[in-house]
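# Inside the fold
One-letter residues, chain by chain:
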Amino acid sequence: MLAAVYHGEGVVRVEEIPEPVPAPDEVVVHVEACGICGSDVQIANVPPGHPSTPPVVLGHEFVGRITAVGSAATGVEVGQRVIIDPDPKCGACAFCRAGRPANCANIVALGVYRDGALAEYVAAPAACAFPIAEDVPAEIAALTEPLACVVNATNRAAIRPGESAVVYGAGAIGLLFVAVFRASGASPVVVVEPNPRRRAVALEVGADHALSPEDFASRRAGILPLGADVVADAVGSALGDAIDVAAMGARIVVFGMNQNAVVPIRQVVITEKSIGIFGTYITHYTFPAAIRMIESGSLNLTPIVSDVVPLADALDGLARLRSGEATKVVIVP
Ligand SMILES: [Zn+2]
Ligand SMILES: [Zn+2]
């Protein structure tokens, strides 16, 4: 089968590899669509901005249909259309047993530490499969995993109706924050993003203002006289700005992933404003909620998918996302 394989040191090749065989507790999924994530770009960067264990098939944001079921797998059947949680939790480590599975010490993430879904087929633990309705377009269903991550982050920020919000970055994650904050009743929702194309998409999915960093600096006092009640850093290097714009008692979610970012912080501002800062990047029992939101069509997510690309052209898709022109590239095997 065809797959996009990361070989280390910035090398990704689309090549033929053997089809996966399910372990006893696994399923094999025929991939309908798989999004390229910012973390895939970070893995492929030199030096990598995200760890991984090459050689590995990239891709963890996907929808597909079960084609094989391992001998000991339960609750799944051939033919089911499913989303897969790409971060299998062990259920047995100290953090899982303390009710914090997002901090599981034994996560072997699909598309990072074991083969993922930028391929025709992918094997995954059966316990990670969540059924999804047949009538959801594949490229929208492929947004379920990042949406579930953003719902977790939104829960941690405990946003309340009428609170103001600022989102740094209008890549796919920033845009999902805009959609979820808007659906949560936040107002105004302000996006700070240098790329004009991404700013236009932010307005489509529900932002009240989408501003360049320069425009935000000059208009901020008028739009947010008291600062922002909730701030999301969907860039991975905006914590300094987030602390600066935060209102008294604000919550900041630090979501963007960049191992190479080192950000100067004036710590005393956190203390003076009594800001809560939450690091978060994966899901926390949020797949069912994300699937319901996707199935109901309650969020306007269609504008987020900027490119649908065949698997053979996955490297072009990666390049488009890295360039900042694309918001979400979805690969269809
Ligand atoms: Zn992702
Ligand atoms: Zn665990």
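The structure displayed is predicted, hence computed values, not measured ones. (Residues numbered from 1 in each chain as written. Chains lettered and ligands numbered in written order. Predicted model: local features only at pLDDT ≥ 70, side-chain atom pairs only at ≥ 80, totals over all residues. Heavy atoms only, no water.)

### Observations concerning the nonpolar core
Judged by nonpolar contacts, the single largest core of 52 residues is most densely connected at Phe 177 and Phe 181. Only α3 (138–141), α4 (144–157), β9 (165–168), α5 (172–183), β10 (189–192), α6 (196–205), β12 (228–233) and α10 (287–296) provide two or more residues apiece to this core. No other element matches the nine residues that α5 contributes to this core. Residue contributions to this core reach at least three from each of two domains, namely domain 1 (2–143 + 301–332) and domain 2 (147–279). Leave out the neighbours within four places in its chain, and Phe 181 touches Thr 154, Ile 159, Ala 165, Val 167, Ala 186, Val 189, Val 230 and Ala 232. In terms of nonpolar packing, the next biggest core, distinct from the first, is built from 43 residues, Ala 44, Ile 107, Ala 124 and Ala 126 among them. (Core = buried A, V, L, I, M, F, W, Y, C linked by side-chain atoms within 4.5 Å. Buried < 20%, exposed > 50% of the residue type's maximum accessible area, 1.4 Å probe, protein only. Helix = DSSP H or I, 4+ residues; strand = E, 2+ residues; numbered from the N terminus. Domains from an automatic or database assignment. Contact = heavy atoms within 4.5 Å.)

### Focus: the coordination of the zinc ion (ligand 2)
Every protein donor of the zinc ion (ligand 2) is accounted for by Cys 90 (SG), Cys 93 (SG), Cys 96 (SG) and Cys 104 (SG), and the metal-donor separations fall at 2.3 to 2.4 Å. Coordination at the zinc ion (ligand 2) comes from four donor atoms whose angles at the metal span 104 to 119°, giving a geometry best classed as tetrahedral. Coordination of the zinc ion (ligand 2) draws on donor residues from a single chain, spaced C-x2-C-x2-C-x7-C in sequence. Given the relative accessible area of 33%, Cys 90 is considered partly exposed. (Donors = N, O, S within 2.8 Å, 3.2 Å for Na, K, Ca; no water. Tetrahedral: all angles 85-135°; square planar, octahedral: opposite > 155°, others 65-115°.)

### Structural notes on the environment of Leu 147
Mapping Leu 147 onto the fold places it in helix α4. Judged by its relative accessible area of 0%, Leu 147 falls in the buried class. Note: C-alpha distance between Leu 147 and Ala 290 (143 residues apart in sequence) is 6.0 Å. If sequence neighbours within four positions are ignored, Leu 147 has contacts with Leu 176, Val 180, Ala 290, Met 293, Ile 294 and Leu 299.

### Let's talk about α5
One turn of the α-helix equals 3.6 residues, which is why residues spaced by three or four share an orientation. For α5, which comprises twelve residues, the first-to-last C-alpha distance of 16 Å matches the rise-based estimate of 16 Å (1.5 Å per residue) to within 8%. In terms of burial, α5 is a largely internal element, ten of the twelve residues being buried. Along α5, the residues classified as buried are Ala 172, Ile 173, Gly 174, Leu 175, Leu 176, Phe 177, Val 178, Ala 179, Val 180 and Phe 181. Gly 185 lies just past α5 and shows a positive phi near 95°. (Expected span 1.5 Å × (residues − 1).)

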